[in-house]
Amino acid sequence: MLFTGSKAAARAAIEIAMTESREEEKEFQNRWAKCGVQTAAVDFGGEFNGSIAKLIERAVVAAKREHLIDETHAQEGAVAGAAHAAAEQILPQAFGLNVGGKIGIARNADHVSVAMFFGVGVIHLDDICIGFAHRAVS
């Protein structure tokens, strides 16, 4: 990969959020790991407005599960803050509607990124949106 630092974390988070299967996720995780980038992903679906706290929680749990972060207040807070900022970007498009898709998290050195890639809509009238945010961790 040509990207390093925050750019590598950003690209990896977005790419893994766009994967369509667990097998594809694992391929991406292995490919990015060779470049020193750790990744995690978690599926999500449901009504958006009442689910923002659940989105944030899932991002933090996935990051801890894949050992992207330690169980420290600062590292959990960095992922939670980035997840919240990513969800805020989706809010104008998803307000009052259902979403379904995936949250991708990536870490490269002291850079952590969270990307949310969702279909938004009612019945079969979906739109697509992506929210993204970055934080520094130590």
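Here the structure is a predicted model, which means the values were calculated and not measured. (Residues numbered from 1 in each chain as written. Predicted model: local features only at pLDDT ≥ 70, side-chain atom pairs only at ≥ 80, totals over all residues. Heavy atoms only, no water.)

Student: Would you take a moment to explain the packing of aromatic side chains for this structure?
Tutor: Any pair of aromatic rings gets described here by the distance separating the centres and the angle formed by the planes. Taken as a whole and assessed by the stated rule, the structure comprises one aromatic pair. Over the face of the ring belonging to Phe 28 we find Arg 31, whose NZ or CZ atom lies 4.9 Å from the ring centre. (Phe/Tyr/Trp six-rings, centres within 6.5 Å; stacked < 30°, edge-to-face > 60°. Lys NZ or Arg CZ within 6 Å of the ring centre and 35° of its normal.)

Student: Help me understand the sheet that holds strand 3 (residues 111-122), please; the structure alone is not making it clear to me.
Tutor: Here four strands make up an open sheet; going across it, the order is 1-2-3-4 and the pairing antiparallel. What marks the edges here is a single partner per strand, and that holds for strand 1 (38-47) and strand 4 (125-136). Across the sheet, the mean angle from the axis of one strand to that of its neighbour is 15°, orientation sign disregarded. Strand direction decides the pairing type here: strand 1 and strand 2 (residues 98-108), joined by 10 bridges, are antiparallel. (Pairing = 2+ DSSP bridges. Helix = DSSP H or I, 4+ residues; strand = E, 2+ residues; numbered from the N terminus. Axes fitted to C-alpha atoms, helices over the stretch in contact; angles between N-to-C directions.)

Student: Help me understand unusual backbone geometry in this model?
Tutor: Glycine aside, a negative phi is what most residues show, and trans is what most peptide bonds show. Unlike most non-glycine residues, His 67 shows phi in positive territory, near 65°. Non-glycine residue Ala 109 carries a positive phi angle of around 55°. Mapping Ala 109 onto the fold places it in the loop between strand 2 and strand 3. The exposure class of Ala 109 is exposed, given its relative accessible area of 54%. (Buried < 20%, exposed > 50% of the residue type's maximum accessible area, 1.4 Å probe, protein only.)

Student: For this particular structure, what's the right way to read the nonpolar core?
Tutor: Across soluble globular proteins, nonpolar side chains show a tendency to be buried alongside one another. Formed by 32 residues in total, the largest nonpolar core has its most connected members in Leu 55, Val 79, Ile 103, Ile 105, Met 116 and Phe 118. Taken together, the elements giving at least two residues each to this core come down to strand 1, helix 3 (52-65), helix 4 (73-94), strand 2, strand 3 and strand 4. Element by element, the count of residues in this core is highest for helix 4, at nine residues. Core analysis: the next-biggest nonpolar cluster, separate from the first, contains nine residues, Ala 17, Phe 28, Trp 32 and Ala 115 among them. (Core = buried A, V, L, I, M, F, W, Y, C linked by side-chain atoms within 4.5 Å.)

All we've got here are geometric facts, nothing functional implied.
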